[in-house]
Amino acid sequence: MIVATVGAIGVPVDEVDEREARLRDGPLAGALPAVGTSEGRQLRRWLTQLIVTERVIAAEAAALGVTVGDAPSEAELLPDATARLEIGSIAAAALADPCARAVYARVTAAVDVSDDAVAHYHARNPLRFATAGPDRVGWRGPVVAAPPLDQVRGLIAEHLRDAARRRAFRVWLDERRAALVRLAPGYEHPGDPRQPDNTHRH
């Protein structure tokens, strides 16, 4: 059985079975949903999304001519939980692969932020990059004054640029998946409201 196609290449159900079996034999097995339940089917949909995402990225890596030597570290691209939430769990999982990180670097290389964006961010969040110094008895005291823009301009620019690059990669990846991937019934995206196991309703 084919659960999805990426371009003209099919993804056999055996590949999803193998990924699920590896998870269920791993250290997080106790946290996984039971087989055959709604949540278990959602896990299989998530694994299918990860597999097709990895295939899309591999195809794009070949088309772009990127190599793993061009890859930044995972910590550079996803330094914290907020970054992983911004980019989404499937893209974050795919970025464990250095090839995916090399594609990320290539796709987002031209993304930058303007001086105006940096200044506006500082005006809206004046204490965001302020550092608290010791109070008169040596404890870290509360921040009482915003640092001048020139003092934190580089930090703000890096923060905004990193977020913009994550957003650009996510949009690019969504577009490439939409163009290349076809999913079989029962293997829709876990968040697709048309599939019966989606429980995220408003």
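Computed from a predicted structure; not experimentally measured.

Colleague: Could you clarify how one ought to interpret the sheet that holds strand E3 (residues 181–183) in this entry?
Modeller: For sheets, the rule is that strands pair by backbone hydrogen bonds, running either parallel or antiparallel. The antiparallel open sheet is built from three strands, whose spatial order is E2-E1-E3. Of all the strands in the sheet, the pair left with one neighbour each is strand E2 (9–12) and E3. Going from strand to strand, the sheet's axes swing by 25 degrees on average, the running direction of each strand aside. Relative to E3, strand E1 (residues 2–6) runs antiparallel, the two being bridged by three bridges.

Colleague: Just to check I follow, could you spell out the nonpolar core for this structure?
Modeller: One recurring pattern in soluble globular proteins: nonpolar side chains tend to sit buried together. Residues Ile87, Leu95 and Phe169 are the most contacted members of the largest nonpolar core, which totals 33 residues. Contributing elements (two or more residues each) for this core: E1, helix H1 (13–24), helix H2 (38–64), helix H4 (81–87), helix H5 (89–94), helix H6 (98–108) and helix H8 (149–180). When near neighbours in sequence (up to four residues on either side) are disregarded, Ile87 contacts Leu78, Ala92, Leu95, Tyr104, Arg166, Phe169 and Arg170. Counting residues in hydrophobic clusters, the runner-up holds seven residues, among them Tyr121, Phe129, Val152 and Ala157.

Colleague: In this structure, what is going on with the packing of aromatic side chains? I would like to understand it.
Modeller: For any pair of aromatic rings, the description rests on two quantities: the centre-to-centre distance and the angle between the ring planes. Enumeration according to the criterion identifies two aromatic pairs in this entry. Ring geometry for Tyr104 versus Phe169: centroids 4.9 Å apart, planes at 45 degrees, classification tilted. A residue pair is termed long-range when its members are at least 10 positions apart, and Tyr104 in helix H6 and Phe169 in helix H8 qualify at 65 residues. Both residues of the pair, Tyr104 and Phe169, count as buried. Across the ring face of Phe129, the terminal group of Arg128 is positioned such that the distance to the ring centre comes to 4.5 Å.

Conventions we followed
Within each chain, residues carry numbers counting from 1 in the order of the written sequence. In keeping with the model being predicted, local features are shown solely for residues with a pLDDT of at least 70 and side-chain atom pairs are shown and tallied solely at 80 or more, while totals for entire chains, interfaces and linings include all residues. To get the side-chain values, all heavy atoms of the structure are used, and hydrogens and water are removed first. In this description, strands pair whenever DSSP reports at least two bridges between them. Counting from the N terminus, the helices are DSSP H or I runs at least four residues long and the strands are E runs at least two residues long. The axes used here are C-alpha line fits, helices contributing only the stretch in contact, and every angle between their N-to-C directions lies in the interval 0 to 180 degrees. Throughout this description, the term nonpolar core refers to a set of buried Ala, Val, Leu, Ile, Met, Phe, Trp, Tyr and Cys residues connected via side-chain atoms within 4.5 Å. Each residue is placed in one exposure class: buried if its accessible area under a 1.4 Å probe, protein chains only, is under 20% of its type's maximum, exposed if it is over 50%, and partly exposed if it falls in between. Contact definition: two residues touch when any of their heavy atoms are within 4.5 Å. Whether two aromatic rings pair depends on their centres lying within 6.5 Å, for rings of Phe, Tyr and Trp, where Trp uses its six-membered ring; planes under 30 degrees apart make the pair stacked, over 60 edge-to-face, and the rest tilted. Comment: the charge-over-ring label is applied if NZ (Lys) or CZ (Arg) is within 6 Å of the ring centre and within 35 degrees of the ring normal.

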